[in-house]
Amino acid sequence: PVIVPGITDDLKGSTLTSYGIDILLGGGPGRLVSPYLLLGVGFFLVSRDQTAAFEEANTDFGYSAGGGIGIGVARMVGLDLRAKLNIVPADHGGSQKSAQLLGGLNYYFGI
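Residues numbered from 1 in each chain as written. Predicted model: local features only at pLDDT ≥ 70, side-chain atom pairs only at ≥ 80, totals over all residues. Heavy atoms only, no water.

The number of helices and strands found in the protein chain is zero helices and seven strands. Along the chain direction, N to C, the helices and strands of the protein chain fall in the order β-β-β-β-β-β-β. Within the protein chain, the fraction of its 111 residues that count as buried is 18%. Across the protein chain, contacts joining residues at least 24 apart in sequence account for 51% of those joining residues at least 6 apart. A total accessible area of about 7,600 Å² is found for the protein chain, and carbon and sulfur atoms account for 64% of it. (Helix = DSSP H or I, 4+ residues; strand = E, 2+ residues; numbered from the N terminus. Buried < 20%, exposed > 50% of the residue type's maximum accessible area, 1.4 Å probe, protein only. Contact = heavy atoms within 4.5 Å. Areas by Shrake-Rupley, 256 points an atom, 1.4 Å probe, with all protein chains shown as cover.)

Glancing now at the packing of aromatic side chains. What the rule picks out here adds up to three aromatic pairs. For the pair F61 and Y63, a centre-to-centre distance of 5.4 Å together with 85° between the ring planes defines the contact as edge-to-face. Between the aromatic rings of Y107 and F109, the centroid separation amounts to 5.0 Å while the plane-to-plane angle is 80°, which identifies the pairing as edge-to-face. Residue classification places Y107 among the partly exposed positions, given a relative accessible area of 48%. For F109, a relative accessible area of 70% translates into the label exposed. (Phe/Tyr/Trp six-rings, centres within 6.5 Å; stacked < 30°, edge-to-face > 60°.)

Here L39 is to be found in strand β4 (residues 33-48). A relative accessible area of 48% means that L39 is categorised as partly exposed. Sequence separation of L39 and Y63 is 24 residues, and the distance between their C-alpha atoms is 7.8 Å.

Glancing now at the pattern of salt bridges. Under the definition given, this model contains two salt bridges. The residue K84 makes a salt bridge to D22 at a minimum N-O spacing of 2.9 Å. Placement of K84 in strand β6 (residues 77-89) and of D22 in strand β3 (residues 14-26) is noted, with a sequence separation of 62 residues between them. Accessibility expressed as a relative area gives 15% for K84, which makes it buried. Taking the relative accessible area as the measure of exposure, D22 reaches 29% and is therefore partly exposed. (Salt bridge = Lys/Arg side-chain N within 4 Å of Asp/Glu carboxyl O.)

Okay, here's the thing in structure tokens:
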């Protein structure tokens, strides 16, 4: 059913766009298994897919934290698996949160 023209009661969710920097504490190349902690700051834009036309775009400052594990594949190549929680404080109190699971391949330069 349509509640307001263009908006239904079966909302699909939100989209998170973020830009920031993360610092890894621990980890590194040359080891078979290398756990680490992750701390970060950045700017986050949260938009709701079906109500974006009615909202003002707002980019907010936020934080992130998590952890991961590096697995050495070769001397200068590693597999990276991490989990990350993003926290964006809201103007009206509380906060918006999102979680990420990431995986990738790292190449270490100059080692």
